[in-house]
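As a plain string of letters, each chain reads:
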Protein chains: 2
Amino acid sequence: MLAVRRLTRYTFLKRTHPVLYTRRAYKILPSRSTFLRRSLLQTQLHSKMTAHTNIKQHKHCHEDHPIRRSDSAVSIVHLKRAPFKVTVIGSGNWGTTIAKVIAENTELHSHIFEPEVRMWVFDEKIGDENLTDIINTRHQNVKYLPNIDLPHNLVADPDLLHSIKGADILVFNIPHQFLPNIVKQLQGHVAPHVRAISCLKGFELGSKGVQLLSSYVTDELGIQCGALSGANLAPEVAKEHWSETTVAYQLPKDYQGDGKDVDHKILKLLFHRPYFHVNVIDDVAGISIAGALKNVVALACGFVEGMGWGNNASAAIQRLGLGEIIKFGRMFFPESKVETYYQESAGVADLITTCSGGRNVKVATYMAKTGKSALEAEKELLNGQSAQGIITCREVHEWLQTCELTQEFPLFEAVYQIVYNNVRMEDLPEMIEELDIDDE
Amino acid sequence: MLAVRRLTRYTFLKRTHPVLYTRRAYKILPSRSTFLRRSLLQTQLHSKMTAHTNIKQHKHCHEDHPIRRSDSAVSIVHLKRAPFKVTVIGSGNWGTTIAKVIAENTELHSHIFEPEVRMWVFDEKIGDENLTDIINTRHQNVKYLPNIDLPHNLVADPDLLHSIKGADILVFNIPHQFLPNIVKQLQGHVAPHVRAISCLKGFELGSKGVQLLSSYVTDELGIQCGALSGANLAPEVAKEHWSETTVAYQLPKDYQGDGKDVDHKILKLLFHRPYFHVNVIDDVAGISIAGALKNVVALACGFVEGMGWGNNASAAIQRLGLGEIIKFGRMFFPESKVETYYQESAGVADLITTCSGGRNVKVATYMAKTGKSALEAEKELLNGQSAQGIITCREVHEWLQTCELTQEFPLFEAVYQIVYNNVRMEDLPEMIEELDIDDE
């Protein structure tokens, strides 16, 4: 079946205004005006009717949509309930940035969301003032996101339980290690109809096997929880430099129906900005796995960089890493989709960004150049912070060893051996070489 | 069915020498010794027998091999014919590098290949000497690959027809624009049993539609032709810095059988080196499409870099670009495989390398920073050379316009509009934005 064809704003304008269409004409048209949106729908309906004819005209055009980022066609949201109230839990660098994005959208779509967004802040003194008061009067998070103006409808709240009162959507955005404590405080105070999105990356590996952080929230609080992940360095998003992200959410069993409950359309309206393009998919496991394992691959890229092996080698590591991420995801979460890894911002794009810089690359490069251990490198470079890949590669190794599957993941295993068993980085190529031919 | 499990050399050693296995013990074992190879086969057979038991023990291990780079299991080559004679046509930077790789392997596997490799050289004077004579006496290509020692069994030959005399395998590695002339000279001089590999990237777009360069060789010379492509900056490969590549080859209808004709095993032995890891697949179309279109994506990355939009945006462009490359490949070559694009060196890895540097990024960054046109930028930066993406994006646009499919490829179209129609780079995010929700 041929789905409704989705047009970019650009191609839409070119089609509807073939004569007027010049750079100047384009820029003076009001963006997102009612006129534009209506015309867009008409164009797309027209496109639906004519697309198949176009395709058949050309013998080389075998397929229409081999790749499609999400299944949703153009749709209009008619809310059949009170606007959703949103609370962001967390106010660090990334937490405040996401709260800014959300508050801009709740203001814009005020018939879908309550404009006021609460942000829970772990309160602290900045000089004589409370951080909460500074945010609520000067509208900047001077400690964790300085020099970025925050919307006035974003309200900092130091009281966790007060901040979530009446909330329909909770957005978790705190450091991984604080999650259990926060969740414990919330237990018994969250109604089952509440929905959540976790901006925390990754999963936990323990005796129970691989557990997604979103599943942890669901298990502990009894609410449906999705995830947000992507190639998003917080300072760039805060400055409204263009980037993309992926939101993953599965409709729960008690889904209330279109216009009555959180779904992919509602989540797109909540997170999508002109500078922050959002794709919403089902695959929570896929984006969580990719979000955690990319850090292990980034360590290997850091080794390669430190050894001075150049761009070919770094690209090879990323290719191999993507393959092992997909293999790991498909092995332990067979419901996750291969496309998520190679086609989503939370997959290949986040991998590329993470491998081009950041804490893991920094630590690994330093190890290669100085011969120091991972712990020494972390200590000297990161001011008490940690490179997540160092922890993740050990957890992954231990889990794969339990499964007797370490040999299926030669890159992950090589990183573990280099970090923890003093194996030489020079041996990396040999450790991942596939010997599938013999010339005897 | 469970295929034979392939082990890396590293995991093999760990399994066969659990006590001895330390970094030192590993290094003193002779590499590729007969002992090692025999043990490897035994280990793998053992592994085959026990793998399934291991898998079933662990409830989380749902699949064994969701991703496998090639279908070949461990195999031994028994040649049932005279050793293959190989000629490399071309002696530039990349041509000489590949000839070096090949000559190292023909020497090593002298019962499979004739050790002497001929390399056709477009002869020219270097001072008073012929380049050919310099290569054959000093064993360096002083003009195109200086300071790299070449194997003595690599013989430069200025006579094209003489160089291919008796050759069983031709490796084409000349600039794209010289191919028609070379092929014309070869017509009538190449026996139908000869096989070829093209190291030229890409395809031609003309009135006939999209034609692969390998198909062009097949059409013009009547011989089967595959391709080699990957994340391979020639100088790094020449210096034996570790990298990977992809060779693609389909067995022809007149395939003579195992040990009698060129196949995936023979090609792996011909190109694989400890520093140059080769994967051999069937998908000639996939690696050729990826090799050409990556240059268009690299232009977009250059715009982003020149605009100072940062790593998030560059990663987003690469993600989008990979999606459009896959879509283009699947649309016009439905036999090409999605895995080729996201799992091979010639796919995602080459895209990453190309987007992290090189001529296309350089030209596009300069355009963004100075406001100059593509042609001006090329002229000022490239000394008469061209950035391939500038040509490819126009060819792709014209072809897609013929098919009325430009709107299906918003990134390729945006690059074309920016380069040729003076559309503003600032509009790039809007041009590729997907409008699939309306909140009315």
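Keep in mind that this is a model prediction, so the values were computed, not measured.

> In this structure, what is going on with the domain arrangement of chain A? I would like to understand it.
How big an interface is tends to be stated in terms of the accessible area lost upon association of its parts. All names here are of chain A. Each assigned domain of chain A is listed here: domain 1 (82-281) and domain 2 (286-430). Each of domain 1 and domain 2 was reduced to a C-alpha centroid, and the two centroids are 28 Å apart. Of the residues lining the interface, 20 residues belong to domain 1; the matching set on domain 2 comes to 20 residues. Each partner contributes to the roughly 1600 Å² buried at the junction of domain 1 and domain 2, and carbon and sulfur atoms together form 70% of this total. Of all residues in domain 1, the largest losses of buried area upon contact with domain 2 belong to F203, L205 and V210, amounting jointly to 32% of the total for that side. Applying the counting criterion to the domain 1 and domain 2 interface returns zero salt bridges. At the surface where domain 1 touches domain 2, the tally comes to six residue pairs in polar contact (both at pLDDT 80 or more).

> Help me understand unusual backbone geometry, please; the structure alone is not making it clear to me.
With the exception of glycine, most residues fall at negative phi, and the peptide bonds are largely trans. Located in the positive-phi region is N422 of chain A, a residue other than glycine, with phi close to 65 degrees. Secondary-structure assignment places N422 of chain A in the loop between α18 (410-420) and α19 (428-431). The backbone of E404 of chain B sits at a positive phi, close to 55 degrees, despite the residue not being glycine. Examined against the element boundaries, E404 of chain B turns out to sit in the loop between α17 (388-402) and α18 (410-420).

> Help me understand the side chain of T106 of chain A, please; the structure alone is not making it clear to me.
Residues and elements named next belong to chain A. Position of T106 among the secondary structure elements: in helix α4 (residues 93-108). For T106, a relative accessible area of 0% corresponds to the buried category. A polar contact of 3.1 Å, which involves the side chain of T106, links it to the backbone oxygen of A103. Here N153 takes part through its side chain, which lies 3.4 Å from a polar atom of the side chain of T106. Excluding residues that lie within four positions of it along the chain, T106 makes contacts with V86, F113, E114, P115, V117, N153 and L270.

> What's the story with the UniProt feature "active site" in chain A in this structure? I'm lost.
All names here are of chain A. Sites flagged by UniProt as "active site" map to K294. Looking at the element boundaries, K294 is found in helix α11 (residues 284-307). Exposure remark for K294: the relative accessible area of 7% places this residue in the buried category. With sequence-adjacent residues up to four places away left out, K294 is seen in contact with K201, I325, D350, L351 and T354.

> What am I meant to see in the sheet that holds strand β6 (residues 154-157) of chain B here?
Two pairing modes exist for strands in a sheet, parallel and antiparallel, and in both the strands are linked by backbone hydrogen bonds. Residue and element names in this part refer to chain B. Ordered in space as β6-β3-β2-β7-β8-β11-β12-β13, the eight strands form an open sheet in which the pairing is mixed. Edge positions in the sheet fall to β6 and β13 (276-281), since each of these pairs with one other strand and no more. Here the average twist between neighbouring strands, direction ignored, is 25 degrees. Relative to strand β3 (residues 117-120), strand β2 (residues 86-89) runs parallel, the two being bridged by three bridges. Across the sheet, V88 pairs through a bridge with M119, a residue of β3. Against the sheet, helix α8 (residues 213-221) engages β7 (169-172) and β11 (224-229), with an angle of about 155 degrees to β11. Each of β11, β12 (243-248) and β13 is contacted by helix α11 (residues 284-307), which is oriented at about 45 degrees to β11, the strand it contacts most.

> I would appreciate a short explanation of the nonpolar core in the present structure.
Note on soluble globular proteins: their nonpolar side chains tend to be buried together. Core analysis: the biggest nonpolar cluster contains 148 residues, and I289, F328 and F332 of chain A together with I289, F328 and F332 of chain B have the highest contact counts within it. Apart from residues lying up to four places away in sequence, I289 of chain A is in contact with F203, V210, L212, I325, F328, G329, F333 and Y341 of chain A.

> In this structure, what is going on with the UniProt feature "binding site: NAD(+)" in chain A? I would like to understand it.
Residues and elements named next belong to chain A. Sites flagged by UniProt as "binding site: NAD(+)" map to G90, S91, G92, N93, W94, G95, F122, F178, A234, R359 and Q388. Look at the named residues: they lie 299 residues apart in sequence, and the longest C-alpha span between them is 24.5 Å, so in the fold they stay spread out. Here A234 is to be found in helix α9 (residues 234-238). What makes A234 buried here is its relative accessible area of 7%. With respect to the secondary-structure elements, Q388 resides in helix α17 (residues 388-402). If near-sequence neighbours (up to four positions away) are discounted, Q388 is found in contact with N295 and N360.

Calculation rules
Residues numbered from 1 in each chain as written. Chains lettered and ligands numbered in written order. Predicted model: local features only at pLDDT ≥ 70, side-chain atom pairs only at ≥ 80, totals over all residues. Heavy atoms only, no water. Domains from an automatic or database assignment. Contact = heavy atoms within 4.5 Å. Buried area = accessible area lost by both parts, 1.4 Å probe. Salt bridge = Lys/Arg side-chain N within 4 Å of Asp/Glu carboxyl O. Polar contact = N/O pair within 3.5 Å; in protein donor to acceptor, adjacent residues only side chain to side chain. Helix = DSSP H or I, 4+ residues; strand = E, 2+ residues; numbered from the N terminus. Buried < 20%, exposed > 50% of the residue type's maximum accessible area, 1.4 Å probe, protein only. UniProt positions renumbered as here; feature names shortened; annotations may be inferred. Pairing = 2+ DSSP bridges. Axes fitted to C-alpha atoms, helices over the stretch in contact; angles between N-to-C directions. Core = buried A, V, L, I, M, F, W, Y, C linked by side-chain atoms within 4.5 Å.

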